[in-house]
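Secondary and tertiary structure notes
Here's the letter readout for the chains.
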Amino acid sequence: MSNNVDNKVHHAAAEGYITGADPYVRGRPDYPPEVAGWLRTALGLAPGVTVLDLGAGTGKFTPRLLETGASVIAVEPVPQMLAKLSSAHPQVQALAGSATAIPLPDASVDAVICAQAFHWFATSEALGEILRVLKPGGKLGLIWNLRDPRVDWVAKLDAIVNRVEGDTPRYYTGAWRKAFPHAGYGPLQETHFALGHTGSPEDVLLNRVRSTSFIAALPEHERQVIEEQIRTLIESEEDLKGDVVTVPYQTAAFVAQKLV
């Protein structure tokens, strides 16, 4: 694959995130405040602990890790994303790499966190590589922010987006769960939090969709069709009229411990 992206990175991520790094920064929601407690209690993050932010992207989740006082290492295969992370968080050790080729020694980190990322590399090979870099008893955390489709207009927005997903791995299909159980890990422990993403329709709706890998990878005329459909949705829904809107999200968080 060109652009210096690992050849095992899915084409939608490689192509979409190269062109979509800026909308990713502007359009992605933050994480709920409860995540701070989850990181400390479920993953054991604290001063003196080292955590790997795997598939770190532009570093959207990285501040949550830094707030725990832990030492943070970020690994990301897309150069454009890694450059934005390095610029935003110079105190983080930012490394080019992937889930199947983590550039760290054996048993070198206390925890690994995959934020909005594990569905891209939910394979036995990746879980084995994560085990390699985890210390005995270390924790693997997985976390995703997901639009709440129980809200009618959110379901309509998702339908516009999902029509062009193709073969792109995504959380909501549940395919990533097939990687578990996996030898060397305890059972997955699951937690959910609620979140509202508030801002202008341009950011929380249009830029959020623009930041979706398979949308960003579309030809320009196809992206324009998607954007027009979203603008029509905004104009037709009472809840979306105005300068500020709130998109309801659910945050799904999982942790599994390395057994030995």
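Source: prediction; values computed, not measured.

As a further point, take the overall build of the protein chain. Secondary structure summary: the protein chain contains 10 helices and seven strands in total. A buried classification covers 54% of the 260 residues belonging to the protein chain. When contacts within the protein chain are restricted to residue pairs at least 6 apart in sequence, long-range pairs at least 24 apart make up 76% of them. Counting only carbon and sulfur atoms, one obtains 53% of the accessible surface of the protein chain, whose full area is about 11,200 Å².

A complete count under the given rule lists 15 salt bridges for this structure. Here Asp110 ties to Lys135 by a salt bridge, and the two come within 3.4 Å at their closest N and O atoms. Here Asp110 is found in strand β4 (residues 109-115), whereas its partner Lys135 is found in strand β5 (residues 134-147), with 25 residues between them in sequence. Given the relative accessible area of 29%, Lys135 is considered partly exposed. The salt bridge involving Glu202 is made with Arg210; its shortest N-O contact spans 2.8 Å. Assessed through its relative accessible area of 33%, Glu202 is described here as partly exposed. A network of salt bridges, in which partner residues are shared, links Glu202, Arg210, Glu227 and Arg231.

To continue, consider the pairing of β4. Of all the seven residues making up β4, six are buried; the element is thus mostly covered by neighbouring parts of the structure. Relative to β4, strand β1 (residues 50-54) runs parallel, the two sharing three bridges. Counterpart to Asp53 in the pairing with β4 is Ile113. Inspection of the sheet shows β4 paired to β5 by six bridges, in the parallel sense.

Before going further, it helps to examine the packing of aromatic side chains. Note on aromatic pairs: each is described by the distance of the centres and the angle between the planes. Throughout the structure, instances matching the rule amount to 11 aromatic pairs. Between Phe118 and Phe121, the aromatic rings sit 5.7 Å apart at their centres with planes inclined by 85°, giving edge-to-face as the arrangement. Judged by its relative accessible area of 0%, Phe118 falls in the buried class. Residue classification places Phe121 among the buried positions, given a relative accessible area of 13%. With 6.4 Å between their ring centres and 75° between their planes, Phe180 and Tyr185 make a pair best called edge-to-face. With respect to class, Phe180 is no different from Tyr185; both count as buried. Through a chain of ring-to-ring contacts, the aromatic side chains of Phe118, Phe121, Trp144, Tyr171, Trp176, Phe180, Tyr185 and Phe254 assemble into a single cluster.

Our focus in this paragraph is the sheet that holds β4. On the basis of which strands lie adjacent, the open sheet formed by seven strands has the order β3-β2-β1-β4-β5-β7-β6 and mixed pairing. Whereas interior strands pair on both sides, the edge strands pair on one side only; in this sheet they are β3 (93-96) and β6 (189-199). Strand-to-strand twist across the sheet, computed as the mean angle between neighbouring axes with direction ignored, equals 20°.

As a further point, take unusual backbone geometry. For the bond from Phe180 to Pro181, the omega torsion is -5°, close enough to zero to count as cis. With respect to the helices and strands, Pro181 occurs in the loop between α7 (152-162) and β6. With phi around 55°, Gln116 is a residue other than glycine that occupies positive phi space. Along the chain, Gln116 turns up in the loop between β4 and α6 (124-133).

Counting 33 residues, the largest nonpolar core has Leu52, Leu54, Val112 and Phe118 as the members making the most contacts within it. Elements represented by at least two residues in this core include exactly β1, β2 (71-76), β4, α6, β5 and β7 (245-257). Apart from residues no more than four positions distant in its own chain, Phe118 is found in contact with Leu127, Leu142, Trp144, Trp176, Ala179 and Phe180. Ranked by size, the runner-up nonpolar core spans 24 residues in total, among them Leu39, Ala42, Phe61 and Val92.

This next bit is on the pairing of β7. Summarising burial for β7: 10 of the 13 residues are buried, a large majority. Summarising the sheet, β6 and β7 pair through 11 bridges and their orientation is antiparallel. Among the inter-strand pairings, Ala194 is bridged to a residue of β7, identified as Gln250.

Here is what the cut-offs are and how they apply
- Residues numbered from 1 in each chain as written.
- Predicted model: local features only at pLDDT ≥ 70, side-chain atom pairs only at ≥ 80, totals over all residues.
- Heavy atoms only, no water.
- Helix = DSSP H or I, 4+ residues; strand = E, 2+ residues; numbered from the N terminus.
- Buried < 20%, exposed > 50% of the residue type's maximum accessible area, 1.4 Å probe, protein only.
- Contact = heavy atoms within 4.5 Å.
- Areas by Shrake-Rupley, 256 points an atom, 1.4 Å probe, with all protein chains shown as cover.
- Salt bridge = Lys/Arg side-chain N within 4 Å of Asp/Glu carboxyl O.
- Pairing = 2+ DSSP bridges.
- Phe/Tyr/Trp six-rings, centres within 6.5 Å; stacked < 30°, edge-to-face > 60°.
- Axes fitted to C-alpha atoms, helices over the stretch in contact; angles between N-to-C directions.
- Core = buried A, V, L, I, M, F, W, Y, C linked by side-chain atoms within 4.5 Å.

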